[in-house]
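Examination of the molecular architecture
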Amino acid sequence: MSLNKKLVDMDYLLNEAPREKHFITGAQAMSEAVKRASVDMAIAYPITPQSEVMHLVGDIYAQGHIKEYYRAEEELGTMSAIAGAARGGVRLFTATSGPGLLRGLEAIVSWPGHRVPCVLGVLTRVINAPLSIQPDNIEMAYLMHSGMVMLHAENQQDTFDFTLAAFAITEKVDVYIPVSVSTEGFFVTHAKGYVEMMSEELAFTEPDPYHAPVPAMDNEVPPARIQRDAPVQKSNFMSYLIHSVWQQEIWDSNRRAMKYVYQYIDGPLEVQNPGSDVMIVASGCAAAQAREAHRYAQEEGISVGFVKVKCIRPWPKDEIREALATAKTVIVPEHNIIGWLCKEVKAAIPNSGIVVEGPRVYGGMTLPVELIMTEIYDALGMDSLVLQA
Amino acid sequence: MANLGPAHYSPYPVAFYDDLLTPPEGKALLLTEIVDEEVAMREIARVMLTSENATIFPGPQVLYAWNDEAKKKATLIKEMAEVLNAKMIPMYDYRPKYPKIDAEVEINPNHPNLTIWHNNIKACIFVGVHCHYANVALKMIRSETDCYTAAICGLSGHEDAMATIRDQHASEMARFIEIAKEVKKELGK
């Protein structure tokens, strides 16, 4: 680190270091986290105009907060370059959105199997035709089966905290797979909110490439002169076996990340008013609207619970099941048409019939609190039109 | 789930399916139980001293003199093999060996079961193998053989081994050797 920062561990950085309040966009929050993460290298094909994260990261590179910045030809090149750079044992960051994420997906889904520790910012954007730059988080569904750890930020503060935490989680020797930090493009990336940040004179301790489950490619040190990559599968029973256990190991690594989710972001869930008959479960930007619905309901004297899901992978199945144990109705508002969170919630509980599939908005639509309130009134058998009037 | 497979242990990844995770700092894991480090050391020594063809599998981190710690560990592992009456078969790199591995002289993370089968190994210790490669090898041995696996790990341990101790540096390995000597004496081996 060229700026003579004070290097500290992530526990101190996140939980103990004094903070000051700033009013910044979600994109700024992510780049401010990168500024404090002792990142060695950022690689990107900046996907204008959905998010300016990688432009801002370019700025902090110019200020000396990052050692190297490489603008790739396009996203497949970006994500492949991330995999290559990881072999040198350096700390890496990139970010993308929607169509860019899908263009890089072939390389991204190979990262966990290649034990690539890096942080991927996903500033969500519509992916299907007609082309749009509006927010919609359907792209996260494609990452859910990749093996990577997935955090979902509700607001600018989460975006800052989760991005910093991700750098610690990804490098844990019993994890060592990529961590994505998603948040809704435009709603969070372009909007300003209050973010409490520690001094930029502090930064996360630099990575130790030898504290890793795979050898770093240091050609001056003999143990590195051995292949570390996954073997090419050939048509014999030995190859099937290695491929099988390799996949098992990636999902084991994903599961091991949960203890660090507790350590750095206070667990995978935030639960308000547990034990209510009606529970709202939401993640990301939808959680902000669900939180508002929870507040509206309280003002109207209606008992409603709220579960914010911070961590999509590893999926907190046991925690979800416990949080919804006594619920009679579960409402899952989402910013996508397929309802990927709803499917996960239904699969986690024994009585999936209590789950209301929605409300859902997509294609860039906003999620009015009133849509969630209508589901609450319906669940309680109340006349919503009368109450809202 | 946990009583399937030739070794009567799970052939499935235990962290993902059984929620069994690496032991916390200062502790060890014996099958599904978190125990004191010394308890695990004694059990590993007992199994190694009482099983057919007990073998230590040293990996690249202790086979190459790439730092002083590696040199110290290599010397200790040689002593460990003598105390445990164990053979040593190295895992000197991680490349798959095609068309056929020489199972008498090496073990490989991509098909470790071949070395276990060929040499009829009933107990083994992994040491100095990078964690990812130890984990895939341990999963395969667990599901394909009846070999008791132990992992002496310099980092966070391995839940797919039947016994694992973590944060094992030269001083901890020297302690294990002393405990193994006591167990050997108790067993009259």
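Residues numbered from 1 in each chain as written. Chains lettered and ligands numbered in written order. Predicted model: local features only at pLDDT ≥ 70, side-chain atom pairs only at ≥ 80, totals over all residues.

1. Section: the overall build of chain A
Formally: In this text, helices come from DSSP runs of H or I with a minimum length of four residues, and strands from runs of E with a minimum of two, each type numbered from the N-terminal end. Our radius of gyration looks at C-alpha atoms and nothing else; its globule reference is 2.2 Å times the residue count to the power 0.38. As a rule, residues whose C-beta atom has 12 or fewer other C-beta atoms within 10 Å are exposed, those with 20 or more are buried, and those in between are partly exposed; C-beta atoms are placed from the backbone. C-beta atoms are first placed from the backbone for all residues, and any pair lying within 7 Å is then listed as a contact.
Within chain A, the secondary structure is distributed over 15 helices and 16 strands. In summary, chain A has a C-alpha radius of gyration of 21 Å against a globular reference of 21 Å for 389 residues, a match within 12%. The C-alpha extent of chain A, read off along each of the three principal axes, is 75 × 55 × 45 Å. Looking at chain A as a whole, 52% of its 389 residues are labelled buried. Expressed as a percentage of contacts within chain A between residues at least 6 apart in sequence, the contacts between residues at least 24 apart total 81%.

2. Section: helix α8 (residues 156-170) of chain A
Rules: Multiply 1.5 Å by the residue count of a helix minus one, and that product is the helix's expected span.
Taking 1.5 Å per residue as the helical rise, α8 of chain A with its 15 residues ought to reach 21 Å, and the 21 Å between its terminal C-alpha atoms agrees with that figure. Most of α8 of chain A is tucked away: 14 of the 15 residues are buried.

3. What about the domain arrangement of chain A?
Residue and element names in this part refer to chain A. Rule in force here: Reported domain spans reflect what an automatic or database domain assignment gives. Each residue is assigned to one of three groups, with Ala, Val, Leu, Ile, Met, Phe, Trp, Tyr, Cys and Pro labelled nonpolar, Asp, Glu, Lys and Arg labelled charged, and all others, Gly among them, labelled polar.
In terms of domain boundaries, chain A breaks down into domain 1 (6-204) and domain 2 (269-388). Distance from the C-alpha centre of domain 1 to the C-alpha centre of domain 2: 27 Å. With 23 residues of domain 1 at the contact, the number on the domain 2 side is 20 residues. When residues of the side of domain 1 that touches domain 2 are traced back to their parent elements, those giving at least two are α7 (139-143), β7 (149-152) and β8 (179-184). Here the side of domain 1 that touches domain 2 is composed, by residue class, of 13 nonpolar, seven polar and three charged.

4. Topic: the environment of L324 of chain A
Residues and elements named next belong to chain A. Topologically, L324 is positioned in the loop between α12 (317-323) and β15 (329-331). When the C-alpha positions of L324 and V271 are compared, they lie 10.0 Å apart, and in sequence the two are 53 residues distant. If sequence neighbours within four positions are ignored, L324 has contacts with M279, V330 and I349.

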